[in-house]
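Residues per chain, in single letters:
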Amino acid sequence: MTQVTDEITNGRRFEFGRNWYNFLTVMDEDRLGHAVDSLKAMLRVDDLHDKTFLDVGSGSGLFSLAAKKLGARVYSFDYDPQSVACTRALKQRYFPESTDWVIEEGSVLDADYLHRLGQFDIVYSWGVLHHTGAMWQALENVDGNVRKNGKLFIALYNYQPLTSKYWTYIKRIYNKYYILRPPIIFIHLLYPALPSYILKYLQGRKFPRGMSFWYDHLDWLGGYPFEVSTPKQIFDFYHEKGYRLDQIKTVGGRHGCNEYVFVKLP
């Protein structure tokens, strides 16, 4: 058994790879288009030609694919073997002959592994580092992969004084007690997931980043390990390392991910 399988069996880790595998059944050109647009908007670019792109925790592989569509040379890795398989499946579907998209299994907590990868123009890790069980170490480690004048694009769960404790508890029991998953899913589908979805529908808004309502719901409920941070904490952390904040999108004090794009100063 792999370490990932052991952690899942013991209720210490959500089956991220399995959820992403199911997501691929609904992944289409429309979702890919939204993923591409979200990268362009946050990175303030029209394309990524002549750029290198490191996807830290590639998950489904959707954003590695989006970066490749924009012309980047892509390196993808994930801790979960099934997530690696998902990323490889997308590569086989869209770029089967490409030599500029490398995919492998690896951990962001393995500093030696990251050092061997070298530096990149763009280091991307959306909703990943807070699931490692050692978020601050992961934030420290990815710094070494960003070249001077390069960009670091990360998204991290927002801290809420009381609500974050509640979600930590829910995620723990979701993973530890399989029999409790159906009621947990149903209760939180009624609130807050479904009202949020209905509001988006009535306002004519697409699901952000090409994601899926259902599989995002499962990812949110089960996503464990789970750590949170405030925008100030993240800003201070990277400011001290010589980064300039280029772009930020917060969830406005609610639960969800704050998005940051930093530029590493020369």
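Now for a quick tour of the structure.

Thresholds applied
- Residues numbered from 1 in each chain as written.
- Predicted model: local features only at pLDDT ≥ 70, side-chain atom pairs only at ≥ 80, totals over all residues.
- Heavy atoms only, no water.
- Helix = DSSP H or I, 4+ residues; strand = E, 2+ residues; numbered from the N terminus.
- Rg over C-alpha atoms; globule rule 2.2 N^0.38 Å.
- Buried < 20%, exposed > 50% of the residue type's maximum accessible area, 1.4 Å probe, protein only.
- Contact = heavy atoms within 4.5 Å.
- Areas by Shrake-Rupley, 256 points an atom, 1.4 Å probe, with all protein chains shown as cover.
- Lys, Arg positive; Asp, Glu negative; His and termini not counted.
- Charge placed at Lys NZ, Arg CZ, Asp CG, Glu CD.
- Phe/Tyr/Trp six-rings, centres within 6.5 Å; stacked < 30°, edge-to-face > 60°.
- Lys NZ or Arg CZ within 6 Å of the ring centre and 35° of its normal.
- Salt bridge = Lys/Arg side-chain N within 4 Å of Asp/Glu carboxyl O.

Next up on the list: the overall build of the chain. Along the chain, the regular secondary structure elements total eleven helices and seven strands. A globule of 266 residues ought to have a C-alpha radius of gyration of about 18 Å, and the chain, at 18 Å, matches this closely. Here the C-alpha coordinates of the chain stretch approximately 50 × 45 × 40 Å along the principal axes. Per-residue burial for the chain yields a buried fraction of 52% across its 266 residues. Taking all contacts inside the chain whose residues are at least 6 apart in sequence as the whole, residues at least 24 apart take part in 74%. Put simply, the chain shows about 13000 Å² of open surface, and 54% of that area lies on carbon and sulfur atoms. Here the chain contributes 32 positive and 29 negative side-chain charges, whose respective centroids are spaced 5 Å apart.

Before going further, it helps to spend a moment on the packing of aromatic side chains. Within the structure shown, the criterion is met by 20 aromatic pairs. Consider the rings of Tyr166 and Trp167, whose centres lie 5.2 Å apart with planes at 70 degrees: the pair is edge-to-face. Overall, the relative accessible area of 40% leaves Tyr166 in the partly exposed class. Taken together, Trp136, Phe237, Tyr238, Tyr243, Tyr260 and Phe262 form an aromatic cluster joined through their ring pairs. Between Lys68 and the ring centre of Phe95, over which it is positioned, the NZ or CZ distance is 4.6 Å. Positioned above the aromatic ring of Trp220, the side-chain terminus of Lys171 is 4.0 Å from the ring centre.

A few words on the pattern of salt bridges. When charged atoms on two side chains of opposite charge get close, those side chains can pair. Taken as a whole and judged by the stated rule, the model has ten salt bridges. Asp121 is the salt-bridge partner of Arg147, the closest N and O atoms lying 3.0 Å from each other. With Arg147 in strand E5 (residues 146–157) and Asp121 in strand E4 (residues 120–126), this pair connects stretches of sequence that are 26 residues apart. Since its relative accessible area comes to 16%, Asp121 is described here as buried. In this structure, the salt-bridge partner of Lys151 is Asp246, at a minimum N-O distance of 4.0 Å. With a gap of 95 residues between them, Lys151 in strand E5 and Asp246 in strand E6 (residues 243–249) connect regions that are remote in the sequence. Under the relative-accessibility criterion, Lys151 is labelled buried at 19%.

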